[in-house]
Amino acid sequence: MENFPFAFILPTPSLIPSAHDNHIERRLSALRGQFSDQAAYERILAQEDTLLYEVYEIQRPHESGELLTGISIVHPGKVGSEFFMTKGHFHAVLDTAEVYLCMKGEGFMVMENPQGECRVEKLAPGEVLYVPPRWAHRSVCTARLEDLVTFFIYPGHSGHDYGTIEQQGFRKLVVEGEAGIEIIDNPRWSKKGS
Ligand code: 6PG
Ligand code: NI
């Protein structure tokens, strides 16, 4: 990998980086067990393995001192009353932070740390969110028709721990309730290994 300065464009309206190394597509089947309404999940999956979100990554060595960047595009939709969302993860190296810049759309970042503290931050264009070290993070798209697009930056050596979230879930969920968008406690949250 070359070690010269480089630049790329985030062209509107797609915001897909002009130069990217990976394009990841995550479908409904990749989030089995994450949505509360399992019947709704199975009903949709029986029809189609819906594309929930995509990630365009600009790769660099996965080393301390390097930064990884890219675009995350969460598509609009719901499973039952729950909005489409990313898998969510802790960084494998827990003490690594991340910065998100919301480019388009509307949604929330659901976050929690191992101590059980939770935060759910609104995302809107121009909003910059700092996810401190030790906080797991999941993007949720709450717009009816528009994608939630964020630009992210995080340390090269961070890695991803998906297993903890796959087992525990997040303590908070973002759903469409009678009063509109609601942040509720996850009735199925349980400590890993309990
Ligand atoms: C990361 C970033 C970000 C994230 C995407 C998709 O650490 O790589 O947080 O790129 O991976 O938003 O979310 P999931 O990794 O949870 O599928
Ligand atoms: Ni991350």
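Predicted model only: the values in this text are computed from it and were never measured.

**Q** Would you mind showing me how to read the overall build of the protein here?
**A** Looking only at helices and strands, one finds 2 helices and 13 strands in the protein. For 194 residues, the compact-globule estimate of 2.2 N^0.38 gives 16 Å, and the protein sits close to it at 16 Å. Referenced to the eigenvectors of the C-alpha coordinate spread, the extents of the protein come out at roughly 50 × 40 × 30 Å. In the protein, of all internal contacts separated by at least 6 residues, the share reaching a separation of at least 24 is 69%. Total accessible area computed for the protein in this model is approximately 9600 Å², and 53% of it derives from carbon and sulfur atoms. Distance between charge centres in the protein, computed from 18 positive and 27 negative side chains, equals 5 Å.

**Q** How should the sheet that holds strand β10 (residues 136-141) be read in this particular structure?
**A** Whether parallel or antiparallel, the strands of a sheet pair through hydrogen bonds between backbone atoms. Strand order in this open sheet of 3 strands is β8-β7-β10, and the pairing throughout is antiparallel. In this open sheet, the two strands that pair with only one neighbour each are β8 (118-123) and β10. The average undirected angle you get between the axes of adjacent strands in this sheet is 20°. Where strand β7 (residues 107-112) and β10 come together, 6 bridges link them in antiparallel fashion. In the strand pairing of β10, glycine 107 is matched with cysteine 141.

**Q** Could you clarify how one ought to interpret the coordination of the nickel ion (ligand 2) in this entry?
**A** Each donor-metal-donor angle in an ideal tetrahedron of four donors is 109.5 degrees, and each such angle in an ideal octahedron of six donors is either 90 or 180 degrees. Protein coordination of the nickel ion (ligand 2) is provided by His89 (NE2), His91 (NE2), Glu98 (OE) and His137 (NE2), with donor distances spanning 2.1 to 2.2 Å. Relative to the metal, the 6 donor atoms surrounding the nickel ion (ligand 2) lie at angles of 76 to 171°, and the coordination shape comes out octahedral. Sequence positions of the donors to the nickel ion (ligand 2) reduce to the motif H-x1-H-x6-E-x38-H. For the pair shown, histidine 91 and glutamate 98 are each scored as buried.

**Q** Explain the site of ligand 1 to me, please; I cannot follow it from the model alone.
**A** Taken together, 16 residues form the shell around ligand 1, and within it Tyr53, Glu98, Tyr100, His160 and Tyr162 come nearest. Separating an oxygen atom of ligand 1 from a side-chain N or O atom of histidine 91 is a distance of 3.0 Å. A distance of 3.2 Å separates an oxygen atom of ligand 1 from a polar atom in the side chain of histidine 137. The protein chains hide 98% of the 390 Å² of surface that ligand 1 would expose on its own. Secondary structure elements with two or more residues in the shell around ligand 1: β2 (51-58), β6 (98-104) and β11 (148-155). Among the residues forming the shell around ligand 1, the class breakdown is 6 nonpolar, 7 polar and 3 charged.

**Q** Is there a simple way to explain the nonpolar core in this structure?
**A** Soluble globular proteins tend to pack their nonpolar side chains together in the buried interior. Ranked by internal contacts, the top residues of the largest apolar core, which has 35 residues, are Phe35, Leu52, Val79 and Leu129. Ranked by residues supplied to this core, first place goes to β7 with 4 residues. Not counting the four nearest positions on each side in its chain, phenylalanine 35 is found in contact with Leu28, Tyr41, Leu52, Val79, Glu82, Phe83, Met85 and Arg188. Counting 6 residues, the second-largest nonpolar core is a separate cluster that includes Leu15, Ile73, Val149 and Phe151.

The rules behind each value
Residues numbered from 1 in each chain as written. Chains lettered and ligands numbered in written order. Predicted model: local features only at pLDDT ≥ 70, side-chain atom pairs only at ≥ 80, totals over all residues. Heavy atoms only, no water. Helix = DSSP H or I, 4+ residues; strand = E, 2+ residues; numbered from the N terminus. Rg over C-alpha atoms; globule rule 2.2 N^0.38 Å. Contact = heavy atoms within 4.5 Å. Areas by Shrake-Rupley, 256 points an atom, 1.4 Å probe, with all protein chains shown as cover. Lys, Arg positive; Asp, Glu negative; His and termini not counted. Charge placed at Lys NZ, Arg CZ, Asp CG, Glu CD. Pairing = 2+ DSSP bridges. Axes fitted to C-alpha atoms, helices over the stretch in contact; angles between N-to-C directions. Donors = N, O, S within 2.8 Å, 3.2 Å for Na, K, Ca; no water. Tetrahedral: all angles 85-135°; square planar, octahedral: opposite > 155°, others 65-115°. Buried < 20%, exposed > 50% of the residue type's maximum accessible area, 1.4 Å probe, protein only. Near = heavy atom within 4 Å. Polar contact = N/O pair within 3.5 Å; in protein donor to acceptor, adjacent residues only side chain to side chain. Nonpolar A, V, L, I, M, F, W, Y, C, P; charged D, E, K, R; others polar. Core = buried A, V, L, I, M, F, W, Y, C linked by side-chain atoms within 4.5 Å.

Spatial relationships are all this shows, so hold off on functional conclusions.
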